[in-house]
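# Understanding the architecture of this molecule
If you want the building blocks of each chain, they are given just below.
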Amino acid sequence: MKLFSTIESVREQLNLVKTEGNTIGLVPTMGALHDGHLELVRQSNQLCDVTIASVFVNPTQFNNPADLQKYPRKLDHDIQLLESENCDFVFSPSKAEMYSEAPDITLSFGEIENNLEGEFRPGHFNGVGLIVSKLFNIIEPSHAFFGQKDLQQFFVIQKLISQLNYPIKLIRVPIVREESGLAMSSRNERLKTEDRQMAGLIYETLKKGKSMMKSGATVGETKAFVGETFDQNERMNLEYFEIVETRRFSKVSEINQEEVALCIAVNIDDVRLIDNLLLFS
Ligand code: AMP
């Protein structure tokens, strides 16, 4: 596995790979890797000739400076894990390398930004759009792998690819979970042991909400159930629970044929956890 920290060096390497006609799978990450990230690498290895993972804690997508500051960083460990998964290349640039000038271009994704993560994290998707566009332009992958864990982000990237004509196939990878059901996340390691176990309640509640809806409960009834569940738990603060159609991430009041997801954000102390379930899968 080869490690690159400059744009020039990674481009040079990938130019060689491309002249040999290989497909290139990109797995963008912010590091502190876990099995969820590694599943993206595994899928890329299966589908592509060459896999490159990027590890970069992207400052422009953090609306909360404390969250950025506390974000776990463990590059040496990440490199070991990627090597054990037979990842071919790692691109791990510095902030100065990625943002040699402060960007004044802004990206806005329309209605999808008005809800959920867009609403609660102003500027977040602009930062995601900027860094992913940069990575696409630097790496020029044939495939890009993103997790369902960040479902709204996935649809933002889908828009980016389709509206800016990137010749990239976007692959959605299902959520990998801890034994308790908690969706794996780099932020989980900031939870106290007992909180981490208790956080399995998020997935439990999503599953119950989904089965209620499948048995005919209304959106209002399901939201009330989820609200009450978290009202009864002092440690867990519900930021939002919404039932949305995934094209625009707009809230639905009744279920029709569109792809519908149950999406949730919960805070335990200052650790913010998100999760989702698709209604029809
Ligand atoms: P992050 O490092 O949190 O920015 O995540 C990098 C990529 O890994 C994103 O596409 C995430 O959606 C994906 N990812 C994070 N956690 C999981 C998980 N538990 N299961 C599947 N994919 C994940």
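Our subject is the structure that appears above.
What you see is a predicted model; the values in this text were computed from it and never measured.

Another point: the site of the ligand. Close to the ligand lie 17 residues, the nearest being M30, H37, G147, D150 and V176. Between the ligand and H37, the relevant distance is 2.9 Å, taken from an oxygen atom to a side-chain nitrogen or oxygen of the residue. D150 has a polar side-chain atom sitting 2.6 Å from an oxygen atom of the ligand. In the complex, 93% of the free accessible area of the ligand, which totals 480 Å², lies under the protein chains. Among the elements of the structure, β2 (24-29), α2 (35-47) and β5 (143-147) are those that each provide at least two residues to the shell around the ligand. Looking at the shell around the ligand element by element, the count peaks at 3 residues for α2. Residues that form the shell around the ligand fall into these classes: 9 nonpolar, 6 polar and 2 charged.

Let us now look at the packing of helix α10 (residues 200-214) against helix α11 (residues 219-231). α11 packs onto α10 with a crossing angle of 160° between their chain directions and a minimal axis gap of 10 Å. Between α10 and α11, the angle falls in the class roughly antiparallel. Every pair of crossing elements has a handedness; the one defined by α10 and α11 is right-handed. Mapping the contact onto sequence places L201, I202, T205, K208, G209, M212 and M213 in α10 and V219, E221, T222, F225, V226, T229 and F230 in α11.

Each pair of aromatic rings is reported with the distance of its centres and the angle of its planes. With the rule as written, the count across this model stands at 7 aromatic pairs. On the basis of an interplanar angle of 40° and a centroid distance of 6.3 Å, the ring pair of F56 and Y99 is categorised as tilted. Taken as a pair, F56 in the loop between β3 (50-55) and α3 (65-70) and Y99 in the loop between α5 (95-98) and α6 (116-120) lie far apart in primary sequence, 43 residues in all. Across this residue pair, the class does not change: F56 and Y99 are buried. A centroid spacing of 5.3 Å and a plane angle of 35° characterise the contact between F120 and Y240, whose relative ring orientation is tilted. Highlighted residues: F120 in helix α6 and Y240 in strand β7 (residues 236-245), separated in sequence by 120 residues. The exposure class of F120 is partly exposed, given its relative accessible area of 35%. Aromatic rings pair up to connect F154, F155 and F249 into one cluster.

Conventions adopted
Residues numbered from 1 in each chain as written. Predicted model: local features only at pLDDT ≥ 70, side-chain atom pairs only at ≥ 80, totals over all residues. Heavy atoms only, no water. Near = heavy atom within 4 Å. Polar contact = N/O pair within 3.5 Å; in protein donor to acceptor, adjacent residues only side chain to side chain. Areas by Shrake-Rupley, 256 points an atom, 1.4 Å probe, with all protein chains shown as cover. Helix = DSSP H or I, 4+ residues; strand = E, 2+ residues; numbered from the N terminus. Nonpolar A, V, L, I, M, F, W, Y, C, P; charged D, E, K, R; others polar. Axes fitted to C-alpha atoms, helices over the stretch in contact; angles between N-to-C directions. Parallel < 35°, antiparallel > 145°, perpendicular 65-115°, else oblique. Left-handed = near helix turned anticlockwise from the far one by under 90°. Contact = heavy atoms within 4.5 Å. Phe/Tyr/Trp six-rings, centres within 6.5 Å; stacked < 30°, edge-to-face > 60°. Buried < 20%, exposed > 50% of the residue type's maximum accessible area, 1.4 Å probe, protein only.

These values are about where atoms sit, not about what they do.
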